[in-house]
Amino acid sequence: MICLSNINKYYHQGKNAYHVLKNIDLVVRAGEFVAIMGQSGSGKSTLINIIGFLDDHFDGDYTFEKKNIAQMSRQDCAHYRNRNVGFVFQNFKLINNLTVKENIAIPLLYAGQSFSQTEVKIEQALNQVGLHGYQNQYPLNLSGGQQQRVSIARALINKPKFLIADEPTGALDSQTSKEIISLFTQLNLKSSMTIIMVTHDLAVAQKSQRIIRIMDGTIASDQETGYESRLINTNGT
Amino acid sequence: MLGIIIGITSVITIISLGNGVKKATLKNLQATKTGKQTVTIDYYVNDSNDYQAGFDQADHTLLKSKNDLGVSNVKIQRVTKEFQITAVIFDTNKNLTATAVKDRPGVRLIAGKNISSYDNSVQNQRLLISKQTALKNFKSIKGTLGASILINGLSYTVVGIYANNNESPYDTNLILPQETYFQGQVNDQGNSVQITFSKGSKISKNTEHLVTLLKKKGSHRNKGEYSFTDMGELLSGIGKVISALTYFVSAIAGISLFIAGIGVMNMMYISVSERTQEIGIRLAVGASPRDIMNQFLLEAVLLTTFGDLIGFGLGVGSAWLFSLLLPFKAVTTFGSFILAFSVSTIVGIIFGILPAKQAANKNLIDILK
Ligand SMILES: Nc1ncnc2c1ncn2[C@@H]1O[C@H](COP(=O)(O)OP(=O)(O)O)[C@@H](O)[C@H]1O
Ligand SMILES: [Mg+2]
């Protein structure tokens, strides 16, 4: 589904150019749950921003379902993002002066749906993340875990092809982290959602199918965690 | 915001007044398509000793013949209020003022009794005299009651004396019954003549021609003057002032709209920078740069049209206030509403576009870090 080949990414600061991603080759198949680990500043966010169509300034080829992303216009890129990716960020990224319902509705509205069409879908998405009846709450009245569930509901609302999660548990305590990760594994197992998640936490990473380690902008290792261990862990929580 | 309100207020005020003048001028310069228009020509005697009606049958015929000037009907009107008469008191001619009434006049009597509509209908030769006139011409109040006054060959009996008041039309020396007073006169004699013009005539100009004609051929041209109030001229004068004002007000409006625009731009820039995170989130979940730009443009336009609505209300109000002082009504049309609406929308778009573009072109990666 996702195919990166020979990706290079530079940041320019004044006269200096930082080579942040170096010759990255990566294939992610539909239904995979991938964890990306690595030290701070190693280029994890940069990599998944490219995968999630947030960043189209890179060298190399990115084909998503046989379509070349690098050649897309900004407008098409936004459209693609809206239809194909759901984002979950470390600090939730909810709009605080909108209600839960309104926050979740945003991707639907940009997909061209009217408010009246969104109601039922929002309710379903909230049920899916275990926040039944929270439609009219404001984000700041919710706990961190609840806010992250809202942002997951928002990420799922347009039935995307894959989820991008950049340190989704980074701002949460360990108990809440477990709940969020269990939500991811369920999504992956039950709905075969493709998930690409950046994390620092090995325990979290081990709930995934495959762990990729990034070091100084290159892929240092790429290992399967093993189906069995996943099952045991999922049942354990 | 204040700029928008001031700008739109002044635009609407001046446009409404301008429309009002235009409408009133048209109405007075030219008979409208549907209605016929009338104009009154008055006659003023030069020597007030020499009272007589300025228009008679001959004038009627003369004016009526002027079909080429659009005259369709001529009606000589009796003057019943505050006219001059010559009265004979103790064999002496006195120049007095009088009002002729059909019904009991609303005056305060200090002696005697009032005259009534009955006196009028049976042409009783009775009249009322003011206290001042009574004291000047008779020895006492009591001596005045029952005295005789000769007017146009008829002898009237004084039946009541009323306190002078400044209230028109009873601020005259005498009050007498209309039917009695006019009984000797032919119906078509009087000091003013009402002329009805046929559709589409140029009233101001044609009335002027008629006055010139009367000066040459009018039956009483030697003893008085003819005149008419040219509303057309008056209004076109006001019209000139208004159109001069229009430039001035347009300048004010232009400046305040410009200042308003700068204000809107500033507000939008602040809003864009305060909502950077929101912009980033919206872009991340699929808003295109054009969506973001439209969102902020719409907000700018909402801001200005809100100001526009307030300004429009104030403008209509102030035009109405001004028109109380002027001899015509302000006219606010749907067209001026549309104009104001477009102006404010355009201001919103022009001054909103830069901040909106800035919002749309923000770097997503930098925002989301
Ligand atoms: N907008 C930017 N401009 C310049 N340098 C950047 C920018 N974003 C990230 N970097 C640099 O690129 C490197 C990788 O960043 P990032 O992908 O965010 O790392 P990680 O997510 O693994 O912590 C870091 O050294 C960071 O300083
Ligand atoms: Mg990062």
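Above this note sits the structure.
Since the model is a prediction, treat every value here as computed from it, not as a measurement.

A. Molecular detail of the overall build of chain A. Helix and strand counts for chain A come out as eight helices and 10 strands. Here chain A, with 237 residues, has 51% of them falling under the buried criterion. In chain A, of all internal contacts separated by at least 6 residues, the share reaching a separation of at least 24 is 69%.

B. Layout of the sheet that holds strand β10 (residues 192-197) of chain B. Residue and element names in this part refer to chain B. The sheet built from four strands is open, its strands ordered β2-β10-β1-β11 with antiparallel pairing. Of all strands in the sheet, those bounded by a partner on one side alone are β2 (71-77) and β11 (224-227). Each adjacent strand pair in this sheet contributes to an overall mean axis angle of 20°, direction not counted. Relative to β11, strand β1 (residues 37-45) runs antiparallel, the two being bridged by four bridges. Opposite Val45, over in β11, you have Gly224 as the bridge partner. Packed on one face of the sheet, helix α2 (residues 57-64) meets β2 and β10 and runs near 160° to β2. Packed onto the sheet, helix α7 (residues 203-217) meets β1, β2, β10 and β11 and runs at close to 30° relative to β1.

C. Focus on the packing of aromatic side chains. Residues and elements named next belong to chain A. Per the stated rule, a full pass over the model turns up 17 aromatic pairs over all chains. Seen in terms of ring centroids, Phe53 and Tyr80 are 5.5 Å apart; in terms of plane orientation they differ by 80°. Their pairing is edge-to-face. Separated by 27 residues along the polypeptide, Phe53 in the loop between α1 (44-51) and β4 (59-64) and Tyr80 in helix α2 (residues 74-84) bring together distant segments of the chain. Pair check on accessibility: Phe53 and Tyr80 agree, each one buried. With 6.1 Å between their ring centres and 70° between their planes, Phe53 and Phe162 make a pair best called edge-to-face. Remark: Phe162 occurs in strand β7 (residues 162-166) and Phe53 occurs in the loop between α1 and β4; sequence separation between them is 109 residues.

D. Region of interest: the site of ligand 1. Around ligand 1 there are 13 residues in total, and Gly41, Gly43, Lys44, Ser45 and Thr46 of chain A lie nearest to it. Residues within reach of ligand 1 are spread across chains A and B. Measuring from a nitrogen atom of ligand 1, one finds a side-chain N or O atom of Tyr11 of chain A at 3.5 Å. Within the backbone of Lys44 of chain A, one N or O atom sits 2.9 Å away from an oxygen atom of ligand 1. Calculation on ligand 1 without its partners gives an accessible area of 560 Å², and the protein chains cover 72% of this total.

E. Summary view of the pattern of salt bridges. Residue and element names in this part refer to chain A. Taken as a whole and assessed by the stated rule, the structure comprises 11 salt bridges over all chains. With a shortest N-O distance of 3.3 Å, Arg29 and Glu32 are connected by a salt bridge. By relative accessible area, which is 48% here, Arg29 ends up partly exposed. Among the residues examined, Glu32 registers a relative accessible area of 6% and is labelled buried.

F. Structural detail: unusual backbone geometry. Residues and elements named next belong to chain A. Residue Lys159 is not a glycine yet carries a positive backbone phi of 50°. Within the element layout of this structure, Lys159 appears in the loop between α5 (144-156) and β7. Even without a glycine there, the phi angle at Asp216 is positive, about 50°. The topology assignment puts Asp216 in the loop between β9 (210-215) and β10 (218-224). On the basis of relative accessible area, Asp216 is assigned to the exposed category, the value being 58%.

About the criteria used
Residues numbered from 1 in each chain as written. Chains lettered and ligands numbered in written order. Predicted model: local features only at pLDDT ≥ 70, side-chain atom pairs only at ≥ 80, totals over all residues. Heavy atoms only, no water. Helix = DSSP H or I, 4+ residues; strand = E, 2+ residues; numbered from the N terminus. Buried < 20%, exposed > 50% of the residue type's maximum accessible area, 1.4 Å probe, protein only. Contact = heavy atoms within 4.5 Å. Pairing = 2+ DSSP bridges. Axes fitted to C-alpha atoms, helices over the stretch in contact; angles between N-to-C directions. Phe/Tyr/Trp six-rings, centres within 6.5 Å; stacked < 30°, edge-to-face > 60°. Near = heavy atom within 4 Å. Polar contact = N/O pair within 3.5 Å; in protein donor to acceptor, adjacent residues only side chain to side chain. Areas by Shrake-Rupley, 256 points an atom, 1.4 Å probe, with all protein chains shown as cover. Salt bridge = Lys/Arg side-chain N within 4 Å of Asp/Glu carboxyl O.

Interpretation note: all reported values are geometric properties and have no functional meaning in isolation.
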